[in-house]
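Chain by chain, the residues:
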Amino acid sequence: MRQRVWMLVVLSGCAFFVAASFLQIGRSDTTSAAPQLTPTLGPTQTPYYDISVEVTPSAYEIPLGQQISVTVNLVNHSTDCIFVGYDLALSELGTDGPFFQFDSPSKIGPPLPASSVFTLTAVASGTVQLRALAYGERQCGGAMVWQYESGVSAPIIVGSTFEKQYLPYIAVEGASN
C-alpha cells in the first residue's frame with residue numbers, strides 16, 4: 001500500500017513539473033511574453049464581373065386581351081466592376097409569335113435605369129418566353145468594354161381558358177361542425 005501511495009506522489013509531482021514547464025509558472029522575467037501578432041496582407045483581390053438580368057412578368061398565365069407588366073432588373077453581383085446600361089430591349093423568344101403587343105416601347109434608354117417596366121397585351125394563344133437584352137459599358141479595373149447582357153423569363157402561357165375547377169363536396173350525414 002505504501003508503494004502505491006509513493007508512486008502516486010511521484011507521478012503527481014512529475015505531472016506538476018511538466019505542466020509548470022509548459023505554462024512557465026514561477027518565471028520572473030517578462031521577456032517570455034506572447035509575441036505580438038502583426039497583420040499580413042493577403043493577395044490583392046482581382047475584380048470579379050457578374051451581372052444578371054432578371055425578367056419577371058406580373059403573371060405566368062394570361063387570357064387573350066389582358067395586359068401584363070414585365071419588370072426587368074439589372075443586378076450587380078460583381079466586386080469592383082459595374083455595368084453602365086445604355087439601352088434595353090424586350091422581345092419574344094421563338095418564331096411562333098407574336099403573342100404580345102407592346103403598349104410601352106419595346107426599347108428603353110439611353111440612359112438605362114437599374115429597373116425597367118414594360119407593358120404588354122396578349123394577342124395570340126401559345127407559350128412564350130421573354131428575353132431582355134441590355135447593351136452597355138462594362139467597367140472593370142479601369143478597362144471599359146461595350147457588351148450585351150441578357151436574361152430570359154420563365155415560360156408564359158397566353159390565351160388558354162383559365163377556369164376554376166369545382167370538385168364535389170362530400171359531407172357526412174349527421175356530422176356537426
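These notes cover the structure that comes with them. (Residues numbered from 1 in each chain as written. Predicted model: local features only at pLDDT ≥ 70, side-chain atom pairs only at ≥ 80, totals over all residues. Heavy atoms only, no water.)

Attention shifts here to the pattern of salt bridges. Using the criterion set out here, one finds one salt bridge in the structure. Between D87 and K107 there is a salt bridge, with the nearest N and O atoms lying 3.5 Å from each other. With D87 in strand 4 (residues 81-92) and K107 in strand 6 (residues 107-108), this pair connects stretches of sequence that are 20 residues apart. (Salt bridge = Lys/Arg side-chain N within 4 Å of Asp/Glu carboxyl O. Helix = DSSP H or I, 4+ residues; strand = E, 2+ residues; numbered from the N terminus.)

Summarising the sheet, strand 1 (residues 51-57) and strand 3 (residues 67-76) pair through seven bridges and their orientation is antiparallel. The residue of strand 3 that forms the bridge with P57 is V70. Here strand 3 runs beside strand 7 (residues 115-122); their pairing, made up of seven bridges, is antiparallel. Bridge assignment links Q67 to a residue of strand 7, and that residue is T121. (Pairing = 2+ DSSP bridges.)

Let us look at the state of the cysteines. Here the structure, examined in full by the defined rule, presents one disulfide. Between C81 and C140 runs a disulfide, and the two sulfur atoms are separated by 1.8 Å. Of this pair, C81 sits in strand 4 while C140 is found in strand 9 (residues 130-140), placing the two residues 59 residues apart along the sequence. For the pair C81 and C140, a shared accessibility class is recorded, and that class is buried. (Disulfide = S-S within 2.5 Å. Buried < 20%, exposed > 50% of the residue type's maximum accessible area, 1.4 Å probe, protein only.)

So, on to the nonpolar core. It is characteristic of soluble globular proteins that their nonpolar side chains tend to be buried jointly. Core analysis: the largest hydrophobic core is formed by 26 residues, its most contacted members being V70, V72, L90, F100 and L130. Of all the secondary-structure elements, those providing two or more residues to this core are strand 1, strand 3, strand 4, strand 7, strand 9 and strand 11 (156-158). Those residues in contact with V70 that lie beyond four places of it in its chain are V55, T56, P57, L90, S116, V117, F118, L120 and L130. (Core = buried A, V, L, I, M, F, W, Y, C linked by side-chain atoms within 4.5 Å. Contact = heavy atoms within 4.5 Å.)

Right, let's talk about the environment of Y86 for a bit. Here Y86 lies in strand 4. Once residues within four sequence positions are removed from consideration, Y86 is found in contact with I108, G109, P110, P111, L112, Y135, G136 and W146.

Mapping Q147 onto the fold places it in strand 10 (residues 143-152). Judged by its relative accessible area of 17%, Q147 falls in the buried class. Here the side chain of Q147 touches E149 through a polar contact of 2.5 Å, side chain to side chain. Setting aside residues no more than four positions away along its own chain, Q147 makes contact with Y49, F83, A134, Y135, G136 and R138. (Polar contact = N/O pair within 3.5 Å; in protein donor to acceptor, adjacent residues only side chain to side chain.)

Worth remembering: the numbers are spatial, not functional.
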